[in-house]
Amino acid sequence: QVQLVDSGGGLVQAGGSLRLSCAASGRTFSTYAIGWFRQAPGKEREFVAAISASGGYTYYADSVKGRFTISRDNAKNTVYLQTNSLKPEDTAVYYCAAAPRRSATTTPGAYSYWGQGTQVTVSS
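Keep in mind the model is a prediction, meaning the values are calculated, not measured.

Caption draft 1: A look at the nonpolar core. If you look at the biggest cluster of nonpolar residues, it comprises 37 residues, and the most contacted ones within it are W36, V48, I70, V79, L81 and Y94. Elements with a minimum of two residues in this core: β3 (18-24), β4 (33-39), β5 (46-51), β7 (68-73), β8 (78-83), β9 (92-99) and β11 (118-123).

See the structure below:
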């Protein structure tokens, strides 16, 4: 069982940055791949980034590649999403999720545990 708590969202101007955090409970955190997803009003949840259990492999949606960076600190049971050069279209609720597998995946259905979400709002 893994419990996830998302934090770090807020209101920022276009071009700004935020660092989102996903703190996990449980002694087996280092065996889970972690993903970040987001959902904007009226839209479906979409994949943003994912990282393997070891942290050695990362994947990004084309829309955030080069602007967002996912990382993890298994000693602190925490995953981070550094978001730079934010755009108004990045506005959404961001969720982290844990998948019981070592390899990262972009598929929402592979993730068993989800955080409560953190709101990111980018003003133009």
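Caption draft 2: Representation of the pairing of β7. By the alternation rule, side chains of β7 split into F68, I70 and R72, which are all buried, and T69, S71 and D73, of which none is buried. Judged from the six bridges that link them, β7 and β8 form a sheet pairing that is antiparallel. Paired with S71 across the bridge in β8 is Y80. If you look at the hairpin formed by β7 and β8, you'll find four residues sitting between the two strands, and N77 has a positive phi there, around 55°.

Caption draft 3: Representation of the state of the cysteines in the model. Scanning the entire structure with this criterion turns up one disulfide. Note that C22 is cross-linked by a disulfide to C96, the S-S spacing being 2.1 Å. Across the disulfide from C22 to C96, rotation about the S-S bond amounts to roughly 65°, and the bridge is consequently right-handed. Of this pair, C22 sits in strand β3 while C96 sits in strand β9, placing them 74 residues apart in sequence. For the residue pair C22 and C96, the accessibility class agrees, reading buried in each case.

Caption draft 4: Representation of the environment of F68 within the structure. Tracing the backbone shows F68 in strand β7. Not counting the four nearest positions on each side in its chain, F68 is found in contact with R38, V48, Y60, L81, Q82, T83, N84, L86, D90 and Y94.

Caption draft 5: Region of the structure containing the packing of aromatic side chains. Taken as a whole and assessed by the stated rule, the structure comprises five aromatic pairs. Measuring from ring centre to ring centre gives 5.2 Å for F37 and Y111, while their planes differ by 80°; the resulting arrangement is edge-to-face. Of this pair, F37 sits in strand β4 while Y111 sits in the loop between β9 and β10 (113-114), and the two are 74 residues apart along the sequence. Look at F37 and you get buried, because its relative accessible area is 0%. With a relative accessible area of 5%, Y111 lands in the buried category.

Caption draft 6: Main features of the environment of S123. Inspection of the secondary structure puts S123 in strand β11. Relative accessible area serves as the criterion here: at 27%, S123 is assigned to the partly exposed category. Considering only alpha carbons, one finds S123 and D90, 33 residues apart in sequence, at a separation of 9.8 Å. Ignoring sequence-local partners within four residues, the contact set of S123 consists of L11, V12, Q13 and A14.

Caption draft 7: Quick peek at the pattern of salt bridges. Following the criterion strictly, the structure yields four salt bridges and no others. Salt-bridge contacts for R38 lead to D90; the nearest nitrogen and oxygen are separated by 2.9 Å. Taken together, the positions of R38 in strand β4 and D90 in the loop between β8 and β9 put the pair 52 residues apart, joining distant regions of the chain. Taking the relative accessible area as the measure of exposure, R38 reaches 5% and is therefore buried.

About the criteria used
- Residues numbered from 1 in each chain as written.
- Predicted model: local features only at pLDDT ≥ 70, side-chain atom pairs only at ≥ 80, totals over all residues.
- Heavy atoms only, no water.
- Core = buried A, V, L, I, M, F, W, Y, C linked by side-chain atoms within 4.5 Å.
- Buried < 20%, exposed > 50% of the residue type's maximum accessible area, 1.4 Å probe, protein only.
- Helix = DSSP H or I, 4+ residues; strand = E, 2+ residues; numbered from the N terminus.
- Pairing = 2+ DSSP bridges.
- Disulfide = S-S within 2.5 Å.
- Contact = heavy atoms within 4.5 Å.
- Phe/Tyr/Trp six-rings, centres within 6.5 Å; stacked < 30°, edge-to-face > 60°.
- Salt bridge = Lys/Arg side-chain N within 4 Å of Asp/Glu carboxyl O.

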